[in-house]
Amino acid sequence: MHDDLIRTLQTRFSRHMHRHPGWTWDKVLARLNAAPASLVALQKMEDTGGEPDVIGHAGDTDAVTFCDCSTESPIGRRSLCFDAAALAARKANKPAGSALAMAQAMGIALLTQAQYRQLQELGPFDRKTSSWIATPDSIRALGGALFCDRRYDQVFMYHNGAESYYASRGFRGLLRV
């Protein structure tokens, strides 16, 4: 059922070995086979333009960390406000949904600022787009949300009203398998 996805992931893994030094495809495939439900989330990441790839592992565990590695914010996950509360607060011109709700439905998590910066060490991402990132409750309680991008060969973090949305802003997801 997921043979095409597995082939796509393996090809991407092989083409971008700098993202996961010391890892072998056999190790990754073993993790995927041990957690077949993760293929559903990875397929959703792929279907929305995320181009998921292995970017490392989770701490001292054998868990493999997949992240959206598309050059720009995944096209199928743009024009979203930050969360359900922000979506409900919009009076007019509501977007189709929110980044947090979509991530939850996909079974993935938004990147933290630290994870976003680590991703940027693997290559230049979001040079024309931006991505919502996990936002501390203290900022969200004041109506804000955080997003990042890469401009002038630097990674920047900004804030915006959580209810805002733009055609060039989406979100990147993370999945541990």
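Data block above holds the structure.
Everything numeric in this text was worked out from a predicted model, so none of it was measured.

Go over the overall build of the protein with me, naming the residues and quoting the values.
Along its length, the protein carries seven helices and eight strands. Since a compact globule built from 177 residues should have a radius of gyration of about 16 Å, the 16 Å found for the protein is in line with a globular shape. Seen through its C-alpha atoms, the protein measures out along the principal axes to roughly 50 × 35 × 30 Å. The buried share among the 177 residues of the protein stands at 47%. A separation threshold of at least 6 residues defines the contact pool for the protein, and within that pool the share at least 24 residues apart is 60%. Only carbon and sulfur atoms are counted for the fraction: they give 54% of the accessible area of the protein, which is about 8,900 Å². Taken as two groups, the 21 positive and 18 negative side-chain charges of the protein have centres that lie 5 Å from each other.

Tell me about the pattern of salt bridges, and name the residues and values.
Opposite charge on two side chains permits pairing when their charged atoms draw close. Within the structure shown, the criterion is met by eight salt bridges. Measuring nitrogen to oxygen at the nearest pair gives 2.7 Å for the salt bridge that ties Arg-140 to Asp-83. A residue pair is termed long-range when its members are at least 10 positions apart, and Arg-140 in helix H7 (residues 137-140) and Asp-83 in the loop between strand E2 (64-68) and helix H4 (84-89) qualify at 57 residues. Residue class for Arg-140 comes out buried when judged on its relative accessible area of 18%.

Give me the lowdown on the environment of Thr-48, citing residues and values where you can.
If you trace the backbone, Thr-48 turns up in the loop between helix H3 (38-47) and strand E1 (52-57). Thr-48 gets classed as buried once you look at its relative accessible area, which sits at 16%. Remark: the alpha-carbon pair of Thr-48 and Arg-12, spanning 36 residues in sequence, is separated by 16 Å. Non-local contacts of Thr-48, meaning those with residues more than four positions away in its chain, are made with Pro-74, Ile-75, Gly-76, Arg-77 and Met-106. At 2.7 Å, the side chain of Thr-48 forms a polar contact with the side chain of Arg-77.

Before we move on, can you summarise the sheet that holds strand E6 (residues 154-161) with the specific residues and values?
Judged by pairing direction, the sheet is mixed, and its four strands sit side by side in the order E6-E5-E4-E7 without closing on themselves. Of all strands in the sheet, those bounded by a partner on one side alone are E6 and strand E7 (169-171). In this sheet, neighbouring strand axes are inclined to one another by 40° on average, regardless of whether the strands run parallel or antiparallel. Across three bridges, the pairing between strand E4 (residues 130-133) and E7 is parallel. Its bridge partner lying in E7, Ser-131 is registered against Gly-170.

Describe the environment of Ile-6, listing the residues and the values that go with them.
Tracing the chain through its elements places Ile-6 in helix H1 (residues 3-15). Expressed as a C-alpha distance, the spacing of Ile-6 and Gln-118, which sit 112 residues apart in the sequence, is 25 Å. Here Ile-6 is in contact with Trp-25, Leu-29, Leu-32 and Leu-39, once residues within four sequence places are set aside.

Reading the values: rules and limits
- Numbering of residues starts from 1 in every chain and runs along the sequence as written.
- Given that the model is predicted, a residue must reach a pLDDT of at least 70 before its local features are reported, and side-chain atom pairs must reach 80 or more before they are shown or counted; all residues, however, enter totals for whole chains, interfaces and linings.
- Side-chain metrics in this entry use all non-hydrogen atoms of the structure; hydrogen atoms and water are not considered.
- Secondary structure is summarised from DSSP: a helix means a run of H or I of at least four residues, a strand means a run of E of at least two, and numbering begins at the N terminus for each.
- Only the C-alpha atoms count toward the radius of gyration. The rule for a globule is 2.2 Å times the residue count to the power 0.38.
- When accessible area is computed with a 1.4 Å probe and restricted to protein chains, residues below 20% of their type maximum are described as buried, those above 50% as exposed, and intermediate ones as partly exposed.
- Residues count as neighbours in contact if any of their non-hydrogen atoms are within 4.5 Å of one another.
- Accessible surface is estimated by sampling points in the Shrake-Rupley manner with a 1.4 Å probe; for residues, cover comes only from the protein chains shown.
- Under the counting rule used here, the positive set is Lys and Arg, the negative set is Asp and Glu, and His together with the chain ends is not counted.
- For charged residues, the charge sits on one atom: NZ in Lys, CZ in Arg, CG in Asp, CD in Glu.
- By definition here, a salt bridge exists when the distance from a side-chain nitrogen of Lys or Arg to a carboxyl oxygen of Asp or Glu is within 4 Å.
- Pairs of N or O atoms are called polar contacts if they sit within 3.5 Å, as long as, within protein, a hydrogen donor faces a hydrogen acceptor (for residues adjacent in sequence, only side-chain-to-side-chain pairs).
- Strand pairing is assigned whenever DSSP identifies at least 2 bridges connecting the two strands.
- Fitted lines through C-alpha atoms serve as axes, helices being fitted only where they are in contact, and the angles separating the N-to-C directions of these axes extend from 0 to 180 degrees.

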